[in-house]
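Fold and geometry: a report
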Amino acid sequence: MRTSPLLVFLLLLLPVQLTYAKQALTDNSIIKSPNDSRQYRAIELANQLPVLLISDPASDTSAAALDVAVGSVHDPESHQGLAHFLEHMLFLGTEKYPDADEYQRYISEHGGNHNAFTAPEHTNYFFDIQPAYFEQALDRFAEQFTSPLFNAEYVSREVNAVHSEFSSKLKDDGRRFYSAIKQLLPEGHPYRKFSVGNLETLQAEQQTALRDALLAFYEAHYSANKMRLVLLGTQTLDELEALAKRKFSAIKNRQLDKQKVIQTYFEDDLLPARIDVQSIMDRRSLSIAFPVPSAFEYKRSQPINYLANLIGHEGPGSLLSLLKHQQWADSLSAGTQFDNKFEALFTITIGLTEEGYQQQQKVIAALFTYIELLKRQGIQRRYFDEQARMLAISFEFQEKSEPIHLVSSLAMRLHDSPPEKILFEAYDLSDYAPKRYQEYLSYLTPDNMLVAISAKDIEGDKRTPWYETEYRVTKLDTEELSREISNLGTSLSGHLSLPEENIFIPENTTLLSLKNDTRPELLLEQKGFALWHASDTSFDTPKANLFLTIRSPHAMTSAYSLNATEVMIDLFNDVLNEFSYPAYLAGLNYELYNHMRGLSIKISGYNDKQSELLRKILLTIKHGKLDHSRFALAKERLQRRLANSLEKKPYEQAIAELQRTLLEPSWSIEERQRALDELDAHKLEAFRKLFFSEQDLVLLSTGNISRASSLNLATLTRNMLLKDSKAAHVARSKVVKLGGGKASQKVLNVSHPDTGFVMYQQGGGRSYEDRALNLVLSQLLSSSYYATMRTEKQLGYIVFATNFELIEVPGTAFIVQSPSADGALLYQESLAFLETELAELMSKGAQLERIKHSIVSKLKEKDNTLYKRSNYYWKEIDRLNEHFDTKEKLITAVEQVSLKGLRHYLEARLKNKGKTLIIMTRKTNADGTEAHGSPPSRDNFF
């Protein structure tokens, strides 16, 4: 269960708690990690708006979030989706800043990001920006909650945007699945509502009525006492407090009560039941949901998380281990869904194999066999104490979160957590409650379950509203299941056991006395091997990163070799899973994945036990036995991944095709599907020998690790991988150089009603000057392209222009997914947009300087984690830049960009149409014929 490495039993040992208590007394009673240098203060404004202030003078960005305790469950039946629509409308002009794109443009031009989301019971607004512009951004942000215009002319426009958002996700299996689950909720249950909204539910033809409903909803739910605000800035706490009072005190306090959901999810006579839901993607999942009382009041004992950790364990003897041994499952996760503080759903989700799909009853029986084991033996103090040690370490050496994510999360949590505990509460599982754990186990019975099956071949007798998802509901026969449990109990119980002691919990968390290197040093270079090393304890954490790339000239010679590499790595991960899962729980993670030149291994986390994990991984990939019985499953997983890629959103398919077209070597999905037929288990064994027969290895070690330890790891790596292997040079992939007299185009057939569109314009060379010009131009065009194509012309919900650099070759991509326009129209509108921008470019001197400053500030941002810094070093090594100074050179080049040079760059791009590549989609029927009403295939419209 890899939802979160620290998902469970958040407990700290007593000595550590005493340390935090002392610290809290000196930091305004807000308990924080000893490794947290930020200062905190909680206040409440005169209008009863609670505010959390965070001062961080070292931060490269400032951020703010405001969370309102209202969401889609509060929508009126007459206007479902209204809370979401209000979230959209709030951005479109205020009395002080009437321009519809003022807030977004200001944030974008000053190096920031902004967004919002509507949840069932929350609406969350957030942004970040360069610190110098925080106050002005806050002014625009606050005005949205004090004096929004809800301008009538934008009601009709934005309701189209909401409908486009709905349309873009019509084939999203997650939304389709939950649209079916909602049909099981009682009539009138708030969670049953259609949360997104569309033209029909918002009654777009009655714009006056919609605006009246919008205003009424705003006044009924948006009140200062139902809001929570978090500000993070470089200012002092006193300055931040003054800002909060000055900007947000004008929000009206309507003294509104929070509306709580106190209705059960299912009627008494519904369960036990089963629902079968048809999916678009070729995936097979089985979810078992048990209604349980909310565990919200048991924060310090976390009963649901305690059980989820054991049921979702992936080590030897686990439920997943048994299911994989039986060839029934590939994955398993467990945890809470839809906890509304009254009731929750404890849900176990299992990714089924084809065999498991045929043996669903046995899979469920295996689950209850494990639950019975938990009832007999699973409530043990040692699991509790083990996690206590792990989480004490984790809290003590906590790394900084990105400001924008931190403020958004804290603003939501402030509704339910006292400010003094908000940073610590998620870690505080200090109440061992065995009786409570048994109580929650008592709810996990066949009589109290909903079984939900999702698969492509399901045929239902009903369809959900809006998403048209086929499903069927049946009553479960628990007597039949009881017989299956009894039959399997004897044969399977011997394969099930509770987790062993976790050997990966770090014992030594000492920070070494090392000189922090400003950049990696090449410690060792031999034919076919290089070791780079950088000691780094500047984050005050006993962590290190080990990155190893294994380049092989045989990895990407054909579609067949690419498939073989992916299947081989899938099997490696399968073999390693049971061994590595305890390491994962102990904060020691690894990634094993393929890339254009071979495969890479990344190990990150506490350095104490990293060498054991590295040794096991190297032994497995070079000499470990490939399980032939699991080969068919790995091959079938790849077959499904390839097939499912043809069911992704239209714009995602267009982007993927763009990358395949530009990168060499690459192969189409169809070519890979054909090549996969040739692969069998014996051929894969032969391919592994071939893959490792010629290698080029590069190892990077960073963090709390000495030069001597790095050299020892290098010796281990060479001895285990390079024996009986030749050194090889593996060249980097290439980017196709576009040219010719006219734009190139590709039309993809998809089974989605929307049109996906990408217009890519390739830059000149790879020089820093070209890359800087492209970077500046992309950001200059980004906000205005969004405003023109989405806000003004309403051509789609998914609209963005972005820097699209591939292997240092600059380029800009203009991307739209539209429910109303075909590729020809989107191309014409995009060209017209660029012509307008070119005509107006020389008047944008002030905007250019703001954008240059924004880009330079981004490039100068300090790394907030060791992993982020190591990834930058890793990219530089791949680029063969031994000076590690790409950022510095780009900064110099960006600072030299002029308005005249930028105009020349854009003008040349528009004139040289051969540098443009357009990928668009059109809808087709299941038999491949062009669907009625789909964009016509016009091969020469460019």
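Here the structure is shown first, and the text comes after it.
In this text the structure is predicted, and so the values were computed from the model without any measurement.

Conventions used here
Position labels on residues start from 1 in each chain and follow its written sequence. Where totals are concerned, whole chains, interfaces and linings use all residues; where local detail is concerned, this predicted model gives features only for residues with pLDDT of at least 70, and gives and counts side-chain atom pairs only at 80 or more. Excluding hydrogens and water, the side-chain values take into account all heavy atoms of the structure. A run of DSSP states H or I qualifies as a helix once it reaches four residues; a run of E qualifies as a strand once it reaches two. Both are numbered from the N-terminal end. As defined in this context, the radius of gyration uses C-alpha atoms, and a globule is described by 2.2 Å times the residue total to the power 0.38. Here, two residues are considered to be in contact whenever any of their heavy atoms come within 4.5 Å of each other. Charge counting follows a simple rule: Lys and Arg are positive, Asp and Glu are negative, and His as well as the terminal groups are ignored. Throughout, a charge is located at the NZ atom of Lys, the CZ atom of Arg, the CG atom of Asp or the CD atom of Glu. Pairs of N or O atoms within 3.5 Å make up the polar contacts considered here, provided that, within protein, one atom can donate a hydrogen while the other can accept it, and that residues adjacent in sequence are counted only when both atoms are side-chain atoms. Two kinds of site are reported from a 1 Å grid over the protein atoms alone, namely cavities, where a 1.4 Å probe fits but cannot get out, and pockets, open sets with protein on both sides within 12 Å along at least five of seven lines, and residues are called lining when an atom falls within 4 Å of a point. Grid points are joined across faces, edges and corners, and a volume is the space filled by probe spheres set on the points. By the convention adopted, Pro, Cys, Tyr, Trp, Phe, Met, Ile, Leu, Val and Ala count as nonpolar, Lys, Arg, Asp and Glu as charged, and the other residues, Gly among them, as polar. Strand pairing is assigned whenever DSSP identifies at least 2 bridges connecting the two strands. Lines fitted to the C-alpha atoms define the axes, with helices restricted to the stretch that makes contact. Angles between their N-to-C directions range from 0 to 180 degrees. When accessible area is computed with a 1.4 Å probe and restricted to protein chains, residues below 20% of their type maximum are described as buried, those above 50% as exposed, and intermediate ones as partly exposed. In the sections that follow, a salt bridge refers to a side-chain nitrogen of Lys or Arg positioned within 4 Å of a carboxyl oxygen of Asp or Glu. Only buried residues count toward a nonpolar core. Its members are Ala, Val, Leu, Ile, Met, Phe, Trp, Tyr and Cys residues joined through side-chain atoms within 4.5 Å. Two rings from Phe, Tyr or Trp (for Trp, the six-membered ring) form a pair when their centres sit within 6.5 Å of each other. Planes less than 30 degrees apart are called stacked, planes more than 60 degrees apart edge-to-face, and all others tilted.

**Brief notes about the overall build of the chain**
- Within the chain one finds 29 helices and 27 strands.
- The C-alpha atoms of the chain give a radius of gyration of 28 Å, which matches the 30 Å a tight globule of 942 residues would have.
- The principal-axis extent of the C-alpha atoms belonging to the chain is close to 75 × 70 × 65 Å.
- The contacts in the chain between residues at least 6 apart in sequence include a share of 83% that link residues at least 24 apart.
- Positive and negative side-chain charges in the chain, numbering 109 and 121 respectively, have mean positions lying 4 Å apart.

**What about the side chain of Ser-710?**
- Along the chain, the position of Ser-710 falls in helix α23 (residues 707-721).
- At a separation of 2.7 Å, a polar atom in the side chain of Ser-710 contacts the side chain of His-533.
- Excluding its chain neighbours within four sequence positions, the residues that come into contact with Ser-710 are Leu-523, Leu-531, His-533, Ser-701 and Ile-705.

**Remarks on empty space enclosed by the protein**
- By the definition in use, this model includes three cavities of 30 Å³ or more.
- Roughly 50 Å³ of internal volume is contained in the largest cavity.
- Elements represented by at least two residues in the lining of the largest cavity include exactly α3 (102-109) and α4 (134-146).
- Among the residues making up the lining of the largest cavity, the classes are represented as three nonpolar, three polar and three charged.
- Considering only enclosed or pocket space, the second largest cavity measures out at about 40 Å³ in volume.
- Together, Met-759, Gln-761, Tyr-827, Leu-831, Arg-909, Leu-910, Lys-913 and Thr-916 line the second largest cavity.
- Residue assignment for the lining of the second largest cavity shows that the elements contributing at least two residues are β24 (755-762), α25 (823-840) and α29 (899-911).
- Among the residues making up the lining of the second largest cavity, the classes are represented as four nonpolar, two polar and two charged.

**Some thoughts on the sheet that holds strand β1 (residues 39-44)**
- Here we have six strands laid out as an open sheet, ordered β1-β2-β6-β3-β5-β4, and mixed in their pairing. The outermost strands of the open sheet, each flanked by one partner alone, are β1 and β4 (113-118). Going from strand to strand, the sheet's axes swing by 10 degrees on average, the running direction of each strand aside.
- Bridging between β1 and strand β2 (residues 50-55) involves six bridges; their strand directions are antiparallel. Directly across from Ile-43, in β2, lies its bridge partner Val-51.
- Along the sheet, helix α2 (residues 82-89) makes contact with β4 and β5 (123-129), crossing β4 at roughly 165 degrees.
- Contacts between α4 and the sheet are confined to β3 (62-68), β5 and β6 (227-233), with β5 contributing the most and set at about 160 degrees to the helix.

**Here we look at the pairing of strand β10 (residues 343-352)**
- Within β10, nine of the 10 residues are buried, which leaves the element mostly enclosed by the surrounding structure.
- Two strands pair when backbone bridges link them, and strand β8 (residues 285-293) and β10 are joined in this way by nine bridges, in the antiparallel orientation. Residue Ala-289 lies in a different strand from β10, and its bridge partner there is Thr-347.
- One ladder, built from eight bridges, connects strand β9 (residues 329-337) with β10; its direction is antiparallel. In the sheet register, Gln-337 faces β10, and the bridge partner there is Leu-345.

**A word on the pattern of salt bridges**
- Per the counting criterion, the structure on display carries 63 salt bridges.
- The partner of Arg-688 in a salt bridge is Glu-685, and the shortest N-O contact between them spans 3.8 Å. Taken as a pair, Arg-688 and Glu-685 lie in helix α22 (residues 681-691) at a separation of three residues, close to a single helical turn.
- We classify Arg-688 as buried; its relative accessible area is 8%.
- A residue is classified by how much of its surface remains accessible, and Glu-685, at 21% relative accessible area, is partly exposed.
- Each of the salt bridges in this network shares a partner with another, and the network as a whole consists of Arg-551, Arg-597, Asp-696, Arg-732, Arg-766, Glu-808, Glu-876, Asp-878 and Arg-879.

**Here we look at the sheet that holds strand β23 (residues 744-750)**
- Reading across from one edge, β23-β27-β24-β26-β25 is the order of the five strands in this open sheet, with mixed pairing throughout. With one partner strand each, in any of the chains shown, β23 and β25 (798-803) form the two edges of the open sheet. Strand after strand, the sheet turns through a mean of 10 degrees between neighbouring axes, direction not considered.
- Two strands pair when backbone bridges link them, and β24 and strand β27 (residues 916-923) are joined in this way by five bridges, in the antiparallel orientation. Within β27, the position partnered with Tyr-760 by the bridge is Leu-917.

**Thoughts on the nonpolar core**
- Ranked by size, the top nonpolar core spans 62 residues in total, and within it Ile-550, Ile-601 and Ile-621 carry the most contacts.
- Tallying contributions element by element places helix α17 (residues 559-585) first for this core, with 10 residues.
- If near-sequence neighbours (up to four positions away) are discounted, Ile-621 is found in contact with Ile-550, Phe-572, Leu-592, Ile-601, Arg-688, Phe-692 and Leu-721.
- Core analysis: the next-biggest nonpolar cluster, separate from the first, contains 54 residues, Leu-352, Ala-366, Ala-455 and Leu-492 among them.

**Section: the packing of aromatic side chains**
- Counted according to the given criterion, the structure contains 41 aromatic pairs.
- Between Phe-177 and Tyr-178, the aromatic rings sit 5.2 Å apart at their centres with planes inclined by 80 degrees, giving edge-to-face as the arrangement.
- The exposure class of Phe-177 is buried, given its relative accessible area of 12%.
- Ring geometry for Phe-194 and Trp-466: centres 5.1 Å apart, planes at 20 degrees, overall stacked. Separated by 272 residues along the polypeptide, Phe-194 in the loop between α6 (173-182) and α7 (207-221) and Trp-466 in the loop between β12 (462-463) and β13 (470-475) bring together distant segments of the chain.
- Phe-194 gets classed as buried once you look at its relative accessible area, which sits at 6%.

**Digging into the side chain of His-752**
- Considering the arrangement of structural elements, one finds His-752 in the loop between β23 and β24.
- For His-752, the side chain forms a polar contact with the main-chain nitrogen of Asp-754, separated by 3.0 Å.
- Those residues in contact with His-752 that sit more than four places away from it in its chain are Ser-167, Ser-168, Leu-170, Lys-171, Pro-650, Gln-817 and Lys-923.

Everything listed is a geometric property; what it means functionally is a separate question.
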